[in-house]
Amino acid sequence: MRELTFDAAVIGGGAAGMSAAKSLVDRGFSTAIIERDRQLGGILLQCIHNGFGLQEFKEELTGPEYAERWERQLPPRGGRGLQVLLDTTVMELIPDSSGGDGDESRGDSHARASMDGGGFTLVCVSPPQGYLHLRARAVVLATGCRERNRGNIRIPGTRPAGVYTAGLAQRMVNMEGYLPGKDAVIVGSGDIGLIMARRLTWSGCRVHGAVEIQPYPSGLTRNIVQCLNDFKIPLYLSHVVSRIHGKHRVEAVDITPLEEGRPNPHKTMTQECDTLLLSVGLIPSAELAREAGAKLNPLTGGPGVDSRLMTSLPGLFSAGNVLHVHDLVDYVSAEARRAGASAADYLEGRRPARQLRLKAGSNVRYLVPGSLDPDAPGPVFFRPMIVKNGATVEFILDGEVLKTVKKTHIQPSEMIQIPTVGLDLSSRTMTPDSVLEVRLQ
């Protein structure tokens, strides 16, 4: 079995993985990117619509263009400091507290001679190379997320062909050149589903509507406007697809309105269609972290992290959609850049002197990260639980309001990023029980 040793390993070669790897290589640490696909880019490669890169590159790019920009910033594959292992899947992530210096073949001449302070063993499988053992003192988890499927939302009916997740349909159309059907209904109003409503319409298909269980859309407002309203595709809020008809292929679906939170079967309408796309949410692919023993955040489904984006396992960092589902890939890249820099700090032996725990207050679903470094606070991400115009975000420490931020409009479908500049935490006296609460008014 082939064995490799690096200072750091990045699992996942999408936007988050490439950004984290660049931060590590720029700091002089040998780094491996392990990507299960045959090229870097991740989900970006099937997102041929524009809207990417406005914050990161100050111009509007398609998903493949955004991925290419990041790949260009990496050192040459196999070059000094970086190796890219494509078509390689990490099967197991094993924390190794024993350390050791071993005689493994080095992934790069700059790999440290000693694995002091423990590290991780990655058990990998690759069709061209077989089984691999890769050891690293730090790991950045950038494995992204996956789609919820029909089993997650329990739509009654038979099991005919023609039921797809929106992301699978996107890959079929944009990368493989196949149409999933000619007459479609979309369940949910997530961004991928909205974008596919427009994409299918451009391809000559008829999209009869998007059916959303919530009283408000779950996708970005710009996608509601550009993908539904501009094409006169109806959005049925507070409705559910209550049944799927068809034996061999989808023939129709029942659409039922909700009244006071309950379906009213007397108002059910039947829509003929041959395709049903599910855009009903994303789940962080955090299985490797969980099986390694890292604590997960029950609200996000991803690993819980501190101010360094480090999980409960020392040396294991997380960023991107595996940490929490983002709206914009620009935020993913920025967050992963921080995770890579934190991993480099960890490899250099630098640790924050203290951590200030964060608490989700009223109308806030979750906060990422779970704590701040008072001496170098970074941005805070959160999801609101309400729809409101003219909202106020408050930062409260030990009963004192330290900062307020006005937001023109908030809704649960849009993640909020708030910089913590101006909190002046470093000069404040804190106890081990001090908590910084973030709440919405």
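Everything discussed here concerns the structure shown above.
Summarised in this report is the structure supplied together with it. Since the model is a prediction, treat every value here as computed from it, not as a measurement.

Our next topic: the packing of helix H5 (residues 191-202) against helix H6 (residues 221-228). Packed helices, taken two at a time, are described by the angle between their axes plus the distance between the axes. Interhelical geometry of H5 versus H6 gives an angle of 20° and a closest axis separation of 8 Å. Between H5 and H6, the interaxial angle falls into the category roughly parallel. Crossing of H5 over H6 shows left-handed handedness. Facing H5, whose interface residues are Asp191, Leu194, Ile195, Ala197 and Arg198, H6 presents Asn223, Ile224, Gln226, Cys227 and Leu228. Tallied by class, residues from the contact of H5 with H6 come to six nonpolar, two polar and two charged.

The subject of this paragraph is the sheet that holds strand S22 (residues 371-372). What the five strands build is an open sheet, ordered S22-S20-S27-S24-S25; its pairing is mixed. Sheet topology places S22 and strand S25 (400-410) at the edges, where each strand pairs with a single neighbour. With four bridges connecting them, strand S20 (residues 356-360) and strand S27 (residues 435-440) associate as parallel partners. Looking at the pairing, Lys359 lines up with Glu437 of S27.

So, about the sheet that holds strand S26 (residues 416-418). The antiparallel open sheet is built from three strands, whose spatial order is S21-S23-S26. Among the strands making up the open sheet, the edge pair consists of strand S21 (364-368) and S26. Direction aside, the axes of adjacent strands within the sheet are offset by 25° on average.

It is worth spelling out the packing of aromatic side chains at this point. Tallied over the full model, the rule gives five aromatic pairs. Where Phe57 meets Tyr66, the ring centres are 5.4 Å apart and the plane angle is 70°; that geometry is what we call edge-to-face. Accessibility assignment for this pair places Phe57 and Tyr66 in one class, buried. Arranged with centres 6.0 Å apart and planes meeting at 75°, the rings of Phe317 and Tyr346 form a pair that is edge-to-face. Residue Phe317 is located in strand S19 (residues 316-318), and its partner Tyr346 is located in helix H8 (residues 329-347); the two are separated by 29 residues in the primary sequence. Here Phe317 matches Tyr346 in class, with each residue buried. Put simply, the rings of Phe57, Tyr66 and Trp70 touch in pairs and so form one group of aromatic residues. Above the ring of Phe57, the side-chain terminus of Arg69 is found at 5.6 Å from the ring centroid.

Attention shifts here to the packing of helix H1 (residues 15-26) against helix H2 (residues 63-73). Where H1 contacts H2, the axes come no closer than 10 Å and their chain directions differ by 20°. Accordingly, the angle class assigned to the pair H1 and H2 is roughly parallel. Along this stretch, H1 crosses H2, giving a crossing that reads as left-handed. For the pair H1 and H2, contact is made by Ala15, Met18, Ser19 and Lys22 and by Tyr66, Ala67, Trp70, Glu71 and Gln73, respectively. Among the residues making up the contact of H1 with H2, the classes are represented as five nonpolar, two polar and two charged.

For helix H4 (residues 166-176), every residue scored as buried is listed here: Ala166, Gly167, Ala169, Gln170, Met172, Val173 and Asn174. Next to the buried residues of H4 lie strand S8 (145-147), strand S9 (163-165), H5 and strand S17 (275-278). Positioned one or two residues after H4, Gly177 has a phi angle of 75°, which is positive.

Scoring rules and cut-offs
Residues numbered from 1 in each chain as written. Predicted model: local features only at pLDDT ≥ 70, side-chain atom pairs only at ≥ 80, totals over all residues. Heavy atoms only, no water. Axes fitted to C-alpha atoms, helices over the stretch in contact; angles between N-to-C directions. Helix = DSSP H or I, 4+ residues; strand = E, 2+ residues; numbered from the N terminus. Parallel < 35°, antiparallel > 145°, perpendicular 65-115°, else oblique. Left-handed = near helix turned anticlockwise from the far one by under 90°. Contact = heavy atoms within 4.5 Å. Nonpolar A, V, L, I, M, F, W, Y, C, P; charged D, E, K, R; others polar. Pairing = 2+ DSSP bridges. Phe/Tyr/Trp six-rings, centres within 6.5 Å; stacked < 30°, edge-to-face > 60°. Buried < 20%, exposed > 50% of the residue type's maximum accessible area, 1.4 Å probe, protein only. Lys NZ or Arg CZ within 6 Å of the ring centre and 35° of its normal.

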